[in-house]
Amino acid sequence: MRLGEESEAAVIAEVTAAAARERDLPASLLDGYLAALVAVARDGRRLTGVEEAHCRGLGAAAAEQGVSLPAVVDLYMTASRRIWPRLPALLGDARGRAPGSAELVAVGEAVWRGADTALAALAAGHLDAQREVVRREEAFRREFVDDLLTGRSEVGSLVERAERLGLALAGSHTVTVAATDRPADAGMHLTMWLEEEARARFRDRGLLVAAKDGRLVSVVSSSPGQDGDADGRALAELAGPAVARLTRRAGWRVGVGRSHPGPRGVLRSYREAVDALEVADRLDLPERVVQARDMLVYRVLLRDEAAIADLVGTVLGPLEHARGGPEVLVATVEAYFAAGRNAASAARRLHLSVRAVTYRLQRVRELTGYDPADPADQLPLMVAVTGARLLDWPARPASAE
């Protein structure tokens with residue numbers, strides 16, 4: 001008994017619907033596949049270029065709909081398995097009889113060759129679409145981060161785009177900026193890895209990780225009543241090793257801004273984190289995590305750079321006449337204050353004898369007129385030494401080329 005074209009189409013529609021229900025996926029992802037499989041079984045041919053291209057397009061459509069490649073492959077294998085026992089009747093339509101055993105072997109070879117070709121095209125289309133999705137997502141994220149951290153975009157636009165990335169900008173946020181001595185250029189693999197690590201720590205809190213200006217920037221939402229500084233430090237402890245891994249550097253430092261509300265608060269926290277990072281680098285601080293609140297006094301000094309330069313020149317300028325230059329004497333005063341004005345502790349810090357330290361402090365007193373051991377002279381000396389570090393005084397000579 002011959003089956004009509006309408007009956008063949010009905011069988012294909014029935015199998016398509018059953019496979020889609022079994023895998024809980026849209027039947028449209030199988031559009032044309034089973035018809036092509038029946039055709040290659042009937043003619044013993046391979047899939048045509050047009051049919052391959054169509055399967056490639058279906059793979060891309062699956063990726064755009066968020067269907068994973070294993071899931072769509074399962075769908076195709078399920079459809080292939082379901083159509084197989086229906087093929088003898090469908091092929092009998094063309095021959096007027098059911099195929100024999102030898103013919104079934106040939107049909108099987110044609111069917112599974114066609115299925116293999118279709119799956120390869122499907123996977124290629126899915127991969128291409130995924131790459132395009134990643135490219136678009138990276139571009140969207142990069143543009144949003146640039147607008148958010150430069151203040152160039154309108155607040156309404158920022159809020160709308162932030163929702164797509166899981167951020168509610170109406171709340172308060174803390175920003176960290178992580179860096180090493182090598183620029184970081186994070187791809188999605190690293191930002192996604194760090195976000196997964198951070199989400200395990202912050203659970204359902206808003207989070208964003210991106211690379212900007214060679215540094216790794218992280219933004220975390222703070223709920224009312226939560227300690228933004230603690231959040232920032234916890235995030236910094238994750239971001240530091242991440243940027244070290246990215247740049248393949250052992251040494252890292254993270255600046256942590258204070259928590260501020262709203263989109264402009266994110267920008268403010270970001271600028272604080274960058275300032276903290278840069279000041280810590282200027283002062284060569286030993287801490288890996290530096291918080292903006294601890295750097296406020298240095299920011300105050302830098303607001304009037306002319307005044308601090310005048311103070312440095314006035315208080316420490318005479319040290320330029322010392323044999324060997326002022327650097328060792330400035331370092332000694334710095335270590336002395338860091339050790340709580342204890343010469344023995346300062347000597348250990350500098351790997352010197354106590355006598356060498358006391359001699360150097362005496363030379364500072366003789367040359368500048370300021371006595372590091374005198375409480376009345378401590379403030380101008382301490383501020384001047386800090387200013388010298390911030391201004392990179394004395395300037396180091398350029399290396400000869």
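Residues numbered from 1 in each chain as written. Predicted model: local features only at pLDDT ≥ 70, side-chain atom pairs only at ≥ 80, totals over all residues. Heavy atoms only, no water.

Scanning the entire structure with this criterion turns up one cavity of 30 Å³ or more. Around the largest cavity sit Val-145, Leu-148, Leu-149, Leu-208, Val-209, Ala-210, Val-217, Ser-218 and Val-219, which together line it. Residue assignment for the lining of the largest cavity shows that the elements contributing at least two residues are α6 (101-150), β2 (207-212) and β3 (215-222). Considered class by class, the residues forming the lining of the largest cavity number eight nonpolar, one polar and no charged. (1 Å grid on protein atoms, 1.4 Å probe; cavity = no way out; pocket = protein on both sides within 12 Å on 5 of 7 lines; lining within 4 Å. Points joined across faces, edges and corners; volume = space filled by probe spheres on them. Helix = DSSP H or I, 4+ residues; strand = E, 2+ residues; numbered from the N terminus. Nonpolar A, V, L, I, M, F, W, Y, C, P; charged D, E, K, R; others polar.)

What follows deals with the confidence of the model for the protein chain. Looking at the protein chain as a whole, its pLDDT mean stands at 86, while 92% of the residues score no less than 70. Mean pLDDT across the elements of the protein chain ranges from a minimum in helix α5 (residues 87-95), with 69, to a maximum in strand β4 (residues 253-256), with 95. Across residues 397-401 the pLDDT falls below 50, and counting only partners more than four positions away or on other chains, this stretch makes zero contacts in the model. (pLDDT = per-residue confidence, 0-100. Contact = heavy atoms within 4.5 Å.)

Moving on, we get to helix α13 (residues 327-338). Across its 12 residues, α13 extends 16 Å between first and last C-alpha, which sits within 8% of the 16 Å expected from 1.5 Å per residue. Turning to α13, its buried residues number three or more, namely Leu-329, Val-330, Thr-332, Val-333, Ala-335, Tyr-336 and Phe-337. Where α13 is buried, its residues touch α12 (305-316), α14 (343-350), α15 (354-368) and α16 (375-390). Positioned one or two residues after α13, Gly-340 has a phi angle of 70 degrees, which is positive. (Expected span 1.5 Å × (residues − 1). Buried < 20%, exposed > 50% of the residue type's maximum accessible area, 1.4 Å probe, protein only.)

Below, the discussion takes up the layout of surface pockets. Here the largest pocket defines a volume of roughly 740 Å³. Along the wall of the largest pocket there are 27 residues; nearest its centre are Leu-283, Leu-285, Glu-334, Ala-338 and Arg-389. For the lining of the largest pocket, the elements supplying multiple residues, two or more each, are α10 (262-283), α11 (296-303), α13, α14 and α16.

On to the pattern of salt bridges, then. With the rule as written, the count across this model stands at 27 salt bridges. Taking the shortest distance from any N to any O, the salt bridge between Asp-181 and Arg-249 comes out at 2.7 Å. With a gap of 68 residues between them, Asp-181 in the loop between β1 (172-179) and α8 (188-202) and Arg-249 in the loop between α9 (228-247) and β4 connect regions that are remote in the sequence. Residues joined by salt bridges that share partners form a network here, namely Glu-22, Arg-81 and Arg-82. (Salt bridge = Lys/Arg side-chain N within 4 Å of Asp/Glu carboxyl O.)

Below, the discussion takes up the pairing of β1. Taking burial as the measure, the eight residues of β1 include seven buried ones, the bulk of the element. Where β1 meets β3, seven bridges bridge the pair, whose relative direction is antiparallel. Bridge pairing in β3 places Ser-172 opposite Ser-222. Where β1 meets strand β5 (residues 260-261), two bridges bridge the pair, whose relative direction is antiparallel. Of the residues in β5, the one forming a bridge with His-173 is His-260. The pairing of β1 with β4 spans four bridges and is classified as antiparallel. Along β4, the bridge assignment pairs Val-177 with Gly-255. (Pairing = 2+ DSSP bridges.)

What follows is about a nonpolar patch on the surface. The grouping of Met-77, Trp-84 and Trp-112 at the surface amounts to a nonpolar patch, some 280 Å² of accessible area in total. Note on placement: Trp-112 falls in helix α6. (Patch = residues over 30% accessible without salt bridge, like charges linked within 9 Å, V, L, I, M, F, W, Y side chains within 5 Å. Areas by Shrake-Rupley, 256 points an atom, 1.4 Å probe, with all protein chains shown as cover.)

Attention shifts here to the packing of α13 against α14. Viewed as axis vectors pointing N to C, α13 and α14 meet at an angle of 125 degrees, and their least axial separation amounts to 8 Å. One way to sum up the angle between α13 and α14 is to call them oblique. Considering how the two elements wind past one another, α13 and α14 form a crossing that is right-handed. In this structure, α13 uses Ala-331, Thr-332, Ala-335, Tyr-336 and Ala-338 to contact α14, whose residues at the interface are Ala-343, Ala-346, Arg-349 and Leu-350. Partitioning the contact of α13 with α14 into residue classes produces seven nonpolar, one polar and one charged. (Axes fitted to C-alpha atoms, helices over the stretch in contact; angles between N-to-C directions. Parallel < 35°, antiparallel > 145°, perpendicular 65-115°, else oblique. Left-handed = near helix turned anticlockwise from the far one by under 90°.)

Moving on, we come to the nonpolar core. Within the largest apolar cluster, 34 residues are counted, with the highest numbers of intra-cluster contacts made by Tyr-33, Leu-34, Leu-37, Tyr-76, Ile-83 and Leu-87. Counting only elements with at least two residues in this core, the list comes to α1 (5-23), α2 (33-43), α3 (49-64), α4 (69-83), α5 and α6. Apart from residues lying up to four places away in sequence, Leu-37 is in contact with Ser-80, Ile-83, Val-111, Gly-114 and Ala-115. In terms of nonpolar packing, the next biggest core, distinct from the first, is built from 23 residues, Ala-339, Val-364, Ala-384 and Val-385 among them. (Core = buried A, V, L, I, M, F, W, Y, C linked by side-chain atoms within 4.5 Å.)

Another point: α15. The end-to-end C-alpha distance of α15 is 21 Å, a good match for the 21 Å that 15 residues give at a rise of 1.5 Å each. Buried residues belonging to α15 abut α12, α13 and α14. Phi turns positive, to about 85 degrees, at Gly-369, one or two residues after α15.

A word on the environment of Ser-172. Counting through the fold element by element, Ser-172 comes out in strand β1. Considered as a pair, Ser-172 and Arg-258 are 86 residues apart in the sequence and their alpha carbons are 9.8 Å apart. When neighbours within four sequence positions are excluded, Ser-172 is seen to be in contact with Val-220, Ser-221, Ser-222, Ser-259, His-260 and Pro-261.

Note that the residue after Trp-393, namely Pro-394, is joined by a cis bond; omega there is -5 degrees. Mapped onto the elements, Pro-394 comes out in the segment after α16. Unlike most non-glycine residues, Arg-341 shows phi in positive territory, near 60 degrees. Positionally, Arg-341 belongs in the loop between α13 and α14. Phi is positive for Asp-392, close to 55 degrees, though the residue is something other than glycine. In this fold, Asp-392 is placed in the segment after α16.

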